[in-house]
Amino acid sequence: MTPLVSIIIPVYNGSDYLRTCIDSALAQTYPAIEVIVVNDGSTDEGKTAAIATSYGNQIRYVEKENGGVSSALNRGIEEMSGDYFSWLSHDDVYAPTKIERQLDVMREQHLPMNQTIVVTGTAFIDEKGEAIRRVQRKVSGFYSSQDMFRHLLLSSTLNGCALLIPRQAFEHRRFSLEDRFIQDWICWVELALDGFDFYVMREPLVYSRIHGEQQTKKIAHRATMESNRYLKRLLQDVEVRDNGEELTAIILKHTFKENAADVREQYLTTHDVNRYFGPMEYRWLRWNGILFSNLLSLYRGMTNLIYR
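Residues numbered from 1 in each chain as written. Predicted model: local features only at pLDDT ≥ 70, side-chain atom pairs only at ≥ 80, totals over all residues. Heavy atoms only, no water.

Asker: Describe unusual backbone geometry, listing the residues and the values that go with them.
Answerer: The phi torsion at Asn-13 lies on the positive side, around 45 degrees, for a residue other than glycine. Turning to its location among the elements, Asn-13 is positioned in the loop between strand S1 (5-11) and helix H1 (18-26). Positive phi, close to 60 degrees, is recorded for Glu-45, a residue that is not glycine. Mapped onto the elements of the fold, Glu-45 is located in the loop between strand S2 (33-40) and helix H2 (47-53). (Helix = DSSP H or I, 4+ residues; strand = E, 2+ residues; numbered from the N terminus.)

In structure tokens:
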């Protein structure tokens, strides 16, 4: 049986890039796809709706009141008929072989199809579709669920549009509605905690567009608030797990990386720091964390300045 893949495109006032995006979804070499465009209450005098509806029955088109990307993705999940979920932002583009290659890799690597999330590499483009060179961590291969938890907390996040996720992952999970900046990262962390393994490909099959109108840039001020709120909850949630102490140490190390000192210090007022760190390690992490977070803030600021 050929699995059906649902490509979900959430869009809000996206007339500038939506047609290119939909075309890339429909151009997939893998034949068993459905494309669902979820219009999240656009206010552009019908421009976004006109583009989407011009495709007729080539796609499924859903309109809803504005609620943010998470609510649009969740609506897409409710509407989908596929065995797999694939997110495509309205300003991004898929390579034609994106879905086909992910399913090929799953078969070639003998990965459990209902328990593995396959991730492609990502390339970057500007407003005109021209390539942008950007430093990226080169990771690839199989990550167990715990390995991916560690990677997401201590190394780097994943581009949501690069993932192919089995439908089973969303049986009891959705994207967070209270978080609008890190909701995708939260979802990947939670899926890792749910026991889903990941396979990361180096092949760049998603083109992520960098431009001044990106919604994430407009709400970047929410990042620290959302991160701190989630980390506090996450520390409480992992305590009851069999490997809770190991997971807690990973989360606390993440607080140095993100300079979330308030979260860390609040937690350690009621927990023994020596359970998680040696004395020298703790001092080194504090100094290194300050340096890393400052450098990361500088890099993000320069990137946003260049591509705003």
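Asker: Lay out the nonpolar core in plain terms, naming residues and giving numbers.
Answerer: Core analysis: the largest hydrophobic core is formed by 87 residues, its most contacted members being Ile-9, Phe-85, Phe-149 and Trp-188. No other element matches the eight residues that helix H6 (residues 183-193) contributes to this core. No fewer than three residues from each of domain 1 (5-216) and domain 2 (219-307) sit in this core. Excluding anything up to four places from it in sequence, Ile-9 contacts Leu-18, Cys-21, Ile-22, Ala-25, Val-35, Ile-36, Val-37, Val-38, Leu-88 and His-90. (Core = buried A, V, L, I, M, F, W, Y, C linked by side-chain atoms within 4.5 Å. Buried < 20%, exposed > 50% of the residue type's maximum accessible area, 1.4 Å probe, protein only. Domains from an automatic or database assignment. Contact = heavy atoms within 4.5 Å.)

Asker: Can you lay out the packing of aromatic side chains for me, pointing to particular residues and giving the numbers?
Answerer: By the definition in use, this model includes nine aromatic pairs. Measuring from centroid to centroid gives 5.9 Å for Phe-256 and Phe-277, while their planes differ by 85 degrees, and the two rings are edge-to-face. Remark: Phe-277 occurs in the loop between helix H10 (261-268) and helix H11 (279-307) and Phe-256 occurs in helix H9 (residues 244-257); sequence separation between them is 21 residues. Residue class for Phe-256 comes out buried when judged on its relative accessible area of 3%. For the pair Tyr-267 and Tyr-276, a centre-to-centre distance of 6.4 Å together with 50 degrees between the ring planes defines the contact as tilted. Among the residues examined, Tyr-276 registers a relative accessible area of 9% and is labelled buried. Ring pairs connect the aromatic residues Phe-85, Trp-87, Phe-170, Phe-175 and Trp-188, which therefore count as one cluster. Sitting over the ring of Phe-256, Arg-264 keeps its end group 3.8 Å from the ring centre. (Phe/Tyr/Trp six-rings, centres within 6.5 Å; stacked < 30°, edge-to-face > 60°. Lys NZ or Arg CZ within 6 Å of the ring centre and 35° of its normal.)

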